[in-house]
Amino acid sequence: MNIFGAMYDKTMEWSKHRFATFWLSFVSFIEAIFFPIPPDVMLIPMSMSKPKSAVKFALYTAIASVLGGMVGYAIGYFATDWVQGIVQQWGYGDHWATAIKWFEQWGVLVVFVAGFSPIPYKVFTICAGVMQMVFFPFVLTAFISRAARFLLVAKLAAWGGEKFAAKLRKSIEIIGWSVVALAVVAYFILK
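Everything in this summary refers to the structure shown in the same document. The shown structure was predicted, so the numbers you read here are calculated from the model rather than taken from an experiment. (Residues numbered from 1 in each chain as written. Predicted model: local features only at pLDDT ≥ 70, side-chain atom pairs only at ≥ 80, totals over all residues. Heavy atoms only, no water.)

## What about the packing of aromatic side chains?
Inclusion rule: Aromatic pairing here means that ring centres of Phe, Tyr or Trp (its six-membered ring) are within 6.5 Å. Orientation follows from the plane angle: under 30 degrees is stacked, over 60 is edge-to-face, and everything else is tilted. Think of it this way: any DSSP run of H or I at least four residues long counts as a helix, any run of E at least two long counts as a strand, and we number them from the N terminus. The buried label applies to any residue whose accessible area, calculated with a 1.4 Å probe on protein chains only, is under 20% of its type's maximum; exposed applies above 50%, and partly exposed to all values in between.
Taken as a whole and assessed by the stated rule, the structure comprises 11 aromatic pairs. Pairing Y73 with F135 gives two aromatic rings, centres 5.1 Å apart and planes at 65°, and the pair type is edge-to-face. You can see Y73 sitting in helix 4 (residues 54–78) and its partner F135 sitting in helix 9 (residues 135–190), a full 62 residues away along the chain. Residue Y73 is classed as buried on the basis of its relative accessible area of 7%. Using a relative accessible area of 35% as the deciding quantity, one classes F135 as partly exposed.

## Observations concerning the packing of helix 3 (residues 40–49) against helix 9
Applied cut-off: For helices, the fitted axis covers only the stretch in contact; all axes are lines through C-alpha atoms, and the angles between them, taken along N-to-C directions, range from 0 to 180 degrees. An angle counts as roughly parallel when it lies under 35 degrees, as roughly antiparallel when it exceeds 145, as roughly perpendicular when it falls between 65 and 115, and as oblique in every other case. Note: crossing handedness is left-handed where the near helix turns anticlockwise from the far helix by less than a right angle, and right-handed where it turns clockwise. In what follows, residue pairs with any heavy atoms lying within 4.5 Å of each other are defined as contacts.
Relative to each other, helix 3 and helix 9 sit at 60°, their axes nearing to 6 Å. As judged from the angle between their axes, helix 3 and helix 9 are oblique. For the pair helix 3 and helix 9, the crossing hand works out as right-handed. Here helix 3 contributes D40, L43, I44, S47, M48 and S49 to the contact with helix 9, which in turn contributes R149, F150, V153, A154, A157, A158, G161, E162, F164, A165 and L168.

Here you go:
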């Protein structure tokens, strides 16, 4: 079955669309609040297809992510009880507990680590509001960490460019099915 190849081709096609930068920014904004898919899914193919614009794409992504993080912070700050119920309902309870523990130990430095953490960024933005972290250091640290992460991702993708995209396309079915197999195995091991 050629499922991943078709998805890869469609993603590469979308990355060249004239509104791709808008959608990248939009996904980055909502990912910092509630959306489960990280903006890297769009940033990487856009940076591979237009390497000269990779830094611009990374900055748009970082700015939109910080703006979304500010909304997430406000939600956490003003709707603490509601947020904690939703976090548990959506299955982020373990991530939430980890984020709270990290905030208590390291304060604002956690926001920097969150930019590179496997824990969803939205957990940290909302948690920062719940913990009533000082707003300006939160925003500044969020921008530095998100910009660093997205610049790194975009530059690596741009470095690979169209040649890497073509090589990746040849192996995408093997990579895709391997990830699915690993996820199934991990599910049964963790269960």
